[in-house]
Amino acid sequence: MNLFALLGVLLSFPVRSSARIDWAFAADFHQRVLQDKNPGFGVNEPFIPSPEHILPEKKPFVIDEKVNYYEHFFNGSRNGEYRRSSCPAINALANRGYINRSGRNVSYTELAHAVRRVWNFGDDNDDLVQYVVNCPAAPTRNDRAVGDNVNINMALFESLLSFSKDGVTFTLEDLAEHHHLRHNQSKADNPHFVFGNQGAICSLAQYTNMVGVLGRKGKHGWTTLYVDDVKTFYLDEDIPKTYERREMAHYSPESNAFVDRMTHHVGYAIQRPFPEGD
C-alpha cells in the first residue's frame, strides 16, 4: 500500500482540527493511487479514520443468499468435476460462489479479489502461498509426503479442538501448543521434512491468519477465535454466521506479530532476516 501517498494528502491540509480534513477526498485519492499501481488487481480498500470513527473495527458481513448461496462440494464431487484445495478459506469462497463453484480455472487475480472482498486479507500477505502449496505441519491436513494433503484429516481436526482450554475459544497459546505437536508429528512421519524459518512462518500463518480474520470480540480481545466458528470453517467450509469482516485488512506485520507470540510461547524464535539459503 502506498502509505506515503496518503500521508501526502493528509499533510497537504492545515491540520489544526481533524474536522477540516476532507476524509472522502483522501480515501478516494488513495484508492485511485492503489488502482493505478495495480491495474485489474485486487487491492484492499483503505481504512480512513474520521473524527467519529478513529479506530478500525469489525462489521457483520452480509451475504446475498440469492447469489452467494451455500453449496458444499468436496474434492472430486460430481465424478471429479469439482475440485477443492487444502485451504478451507478458499473452499468457502467456492462453496459460496465468490469464485468458480467448481474450483477449476480460477486465476490468481480472481482469487485475490474474492479473498479481499470476503476475508479482507492484506494485499501484502501470503495468499499466493495458499494458492500454490500446502505448508508442512498444517493444522488439519497431512503433509504431502505423508498422504492426502487436500482433504481434512479428522483425527488432526479433533486434536486441534482438544487444545482449547475452555472448550469455547482458542488463545494464540492454545494454537501454539497444537502447532508444536504438529511440528513434532511431521518431523517424525515425513521423510522429506524441512522446516526452516520460511517453513515455520508458512505453517504458523495458517493459525494466525485464522485468528486475524475469523477472530471477533470476546474474552481474549478483538481477535477471539471461537471453537464453533472453527468448526464451521473447517467442517462445512463455510463463512461462519457470526463472521465480522475487518475494516482494516489483515496485513503481514500483524500476522508476524502473532507468529512471534506463538513461537515465543513454545521456546522458539524466527530468525530475521532469514539466514542465507533458508
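Residues numbered from 1 in each chain as written. Predicted model: local features only at pLDDT ≥ 70, side-chain atom pairs only at ≥ 80, totals over all residues. Heavy atoms only, no water.

Per an unreviewed UniProt entry, the protein goes by the name Heme haloperoxidase family profile domain-containing protein and belongs to Aspergillus steynii IBT 23096. According to the UniProt record, the Sequence similarities (unreviewed entry) comment for the protein is "Belongs to the chloroperoxidase family." Database annotation for the protein, UniProt heading Cofactor (unreviewed entry): "heme b". (UniProt positions renumbered as here; feature names shortened; annotations may be inferred.)

1. Quick word on the sheet that holds strand E4 (residues 221-226)
Sheet architecture is open: three strands sit in the order E2-E4-E3, paired in antiparallel fashion. Each of the sheet's edge strands pairs with one partner strand only, and the pair in question is strand E2 (169-170) and strand E3 (216-218). Summarising the sheet, E3 and E4 pair through two bridges and their orientation is antiparallel. Its bridge partner lying in E4, Gly218 is registered against Gly221. (Pairing = 2+ DSSP bridges. Helix = DSSP H or I, 4+ residues; strand = E, 2+ residues; numbered from the N terminus.)

2. With respect to the confidence of the model for the protein
Residues with a pLDDT of 70 or more make up 81% of the protein, whose mean pLDDT is 83. Counting contacts from residues 1-21, a segment whose pLDDT is below 50, to residues more than four positions away or on other chains yields 29 contacts. Note on residues 36-42: pLDDT under 50 across the span, and 13 contacts to partners over four residues away in sequence or across chains. (pLDDT = per-residue confidence, 0-100. Contact = heavy atoms within 4.5 Å.)

3. Considerations on unusual backbone geometry
Going from Arg272 to Pro273, the amide bond is cis rather than trans, its omega being -5°. One can find Pro273 in the segment after helix H11 (252-265). Positive phi, close to 55°, is recorded for Arg78, a residue that is not glycine. Inspection of the secondary structure assignment puts Arg78 in helix H3 (residues 77-80). Arg78 sits in the partly exposed class, given a relative accessible area of 48%. Even without glycine at this site, Asn79 takes up a positive phi of about 55°. As for its position among the elements, Asn79 is in helix H3. For Asn79, a relative accessible area of 86% gives the class exposed. (Buried < 20%, exposed > 50% of the residue type's maximum accessible area, 1.4 Å probe, protein only.)

4. Focus: the packing of helix H8 (residues 172-189) against H11
Angle between the axes and distance between the axes: these two values describe a pair of packed helices. Look at H8 against H11: their axes get within 9 Å of each other, and the N-to-C directions meet at 65°. Here H8 and H11 pass one another in a crossing that is right-handed. Each of Leu172, Glu173, Leu175, Ala176 and Glu177 in H8 lies in contact with H11, whose residues at this interface are Phe258, Arg261, Met262 and His265. Grouping the constituent residues of the contact of H8 with H11 by class yields five nonpolar, one polar and three charged. (Axes fitted to C-alpha atoms, helices over the stretch in contact; angles between N-to-C directions. Left-handed = near helix turned anticlockwise from the far one by under 90°. Nonpolar A, V, L, I, M, F, W, Y, C, P; charged D, E, K, R; others polar.)

5. Regarding helix H10 (residues 227-236)
Inspection of H10 places Val227, Asp229, Val230, Thr232, Phe233 and Tyr234 among the buried residues, and these make up the whole buried set. Turning to H10, the residues buried within the fold contact helix H4 (88-95), helix H7 (154-162), E2, helix H9 (197-214), E3 and E4. Within two residues after H10, Glu237 carries a phi angle of roughly 50°, on the positive side.

6. Some words on the state of the cysteines
Inspection of the entire model under this criterion finds one disulfide. Between the sulfur of Cys135 and that of Cys202 lies a disulfide, 1.5 Å long from S to S. One end of the pair, Cys135, is in the loop between helix H6 (127-132) and H7; the other, Cys202, is in helix H9, and 67 residues separate them in sequence. Of all cysteine sulfurs, the one in Cys135 lies closest to Cys87, which takes part in no disulfide; the gap is 9.7 Å. Residue Cys87 is classed as buried on the basis of its relative accessible area, which comes to 9%. (Disulfide = S-S within 2.5 Å.)

7. A closer look at the environment of Leu160
Secondary-structure assignment places Leu160 in helix H7. Along the primary structure Leu160 and His179 are separated by 19 residues, whereas in three dimensions their C-alpha atoms are 8.8 Å apart.

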